[in-house]
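Below, each chain spelled out in residue letters.
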Amino acid sequence: LATGVSPGNAIINGSYGGLSAEGVLTVNPPPTKNLVGVAVNPSNARIEVGKTVQLTLVGIYDDGSQLDITQVGSWVVDDPEVVGVNVGLVSGLSLGVAVVAGEYQGLSAQATIEVYPPEGAISLSPGLALAGILFAGLVKLIIKEFKKK
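Nothing here was measured: the structure is a model prediction, and the numbers come from that model.

With respect to the environment of Leu55
Relative to the helices and strands, Leu55 is located in the loop between strand 5 (52-54) and strand 6 (56-61). As for Leu55 and Asn41, which are separated by 14 residues in sequence, their C-alpha atoms are 5.5 Å apart. Sequence-distant contacts of Leu55, that is, excluding residues within four places in its chain, are made with Val40, Asn41, Pro42, Thr70, Trp75, Gly88, Val90, Val100, Ala111 and Ile113.

Comments concerning the sheet that holds strand 6
Reading across from one edge, 3-6-7 is the order of the 3 strands in this open sheet, with antiparallel pairing throughout. Each end of this open sheet is capped by a strand with a single partner; those strands are strand 3 (35-41) and strand 7 (66-68). Taking each pair of neighbouring strands and ignoring which way they run, the sheet shows an average axis angle of 25 degrees. When strand 3 meets strand 6, the two strands line up antiparallel, connected through 6 bridges. Each residue of the ladder has a partner; that of Gly37, found in strand 6, is Ile60.

Looking at the packing of aromatic side chains
By the definition in use, this model includes 0 aromatic pairs. The cationic tip of Lys33 hangs over the ring face of Tyr61; the distance from NZ or CZ to the ring centre is 5.0 Å.

Quick look at the sheet that holds strand 12 (residues 107-116)
Spatially, the 4 strands line up as an open sheet ordered 4-12-11-8, and their pairing is mixed. At either margin of the open sheet sits one strand with a lone partner, and together these are strand 4 (44-48) and strand 8 (74-77). Direction aside, neighbouring strands of the sheet carry axes that sit 25 degrees apart on average.

A word on the side chain of Thr70
Here Thr70 lies in the loop between strand 7 and strand 8. Among the polar contacts made by the side chain of Thr70, one reaches the side chain of Asp68 at a distance of 2.6 Å. Other than its neighbours up to four places away in sequence, Thr70 contacts Gln54, Leu55, Thr56, Leu57, Trp75 and Val87.

What counts, and where the lines are drawn
Residues numbered from 1 in each chain as written. Predicted model: local features only at pLDDT ≥ 70, side-chain atom pairs only at ≥ 80, totals over all residues. Heavy atoms only, no water. Helix = DSSP H or I, 4+ residues; strand = E, 2+ residues; numbered from the N terminus. Contact = heavy atoms within 4.5 Å. Pairing = 2+ DSSP bridges. Axes fitted to C-alpha atoms, helices over the stretch in contact; angles between N-to-C directions. Phe/Tyr/Trp six-rings, centres within 6.5 Å; stacked < 30°, edge-to-face > 60°. Lys NZ or Arg CZ within 6 Å of the ring centre and 35° of its normal. Polar contact = N/O pair within 3.5 Å; in protein donor to acceptor, adjacent residues only side chain to side chain.

Function-wise, these values are silent; they only describe arrangement.
The structure is reproduced here in structure tokens:
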């Protein structure tokens, strides 16, 4: 029994009962797989501010196989004020939508992450906040004028 350790040729000699023989054993390299694409899973996610979601980066090979390459890929974010990412772990930082891309060997895939407010939180648009400030100022002015009379 011979076991190949690395690609190449080996000459094998054997003898038994005064007889001998010689042969060549050729060990071929394993078939190569070519990376043809990558995918980020999930491709869409919603998280609350202050929470996280784990993305995975998967390599897709020409033989149809897939391999988790989350740890060896690189990760980038289009809006680092909305989310942060560290080895695929996405953290919700502020309200909004951001795109997280996983990249490996020149190939990339993206996931869209929506960050929403914590349960029970009140969120005002800038226009609505300004209207509230103006209204409060108007109420104070009316009260001040009413007290003068």
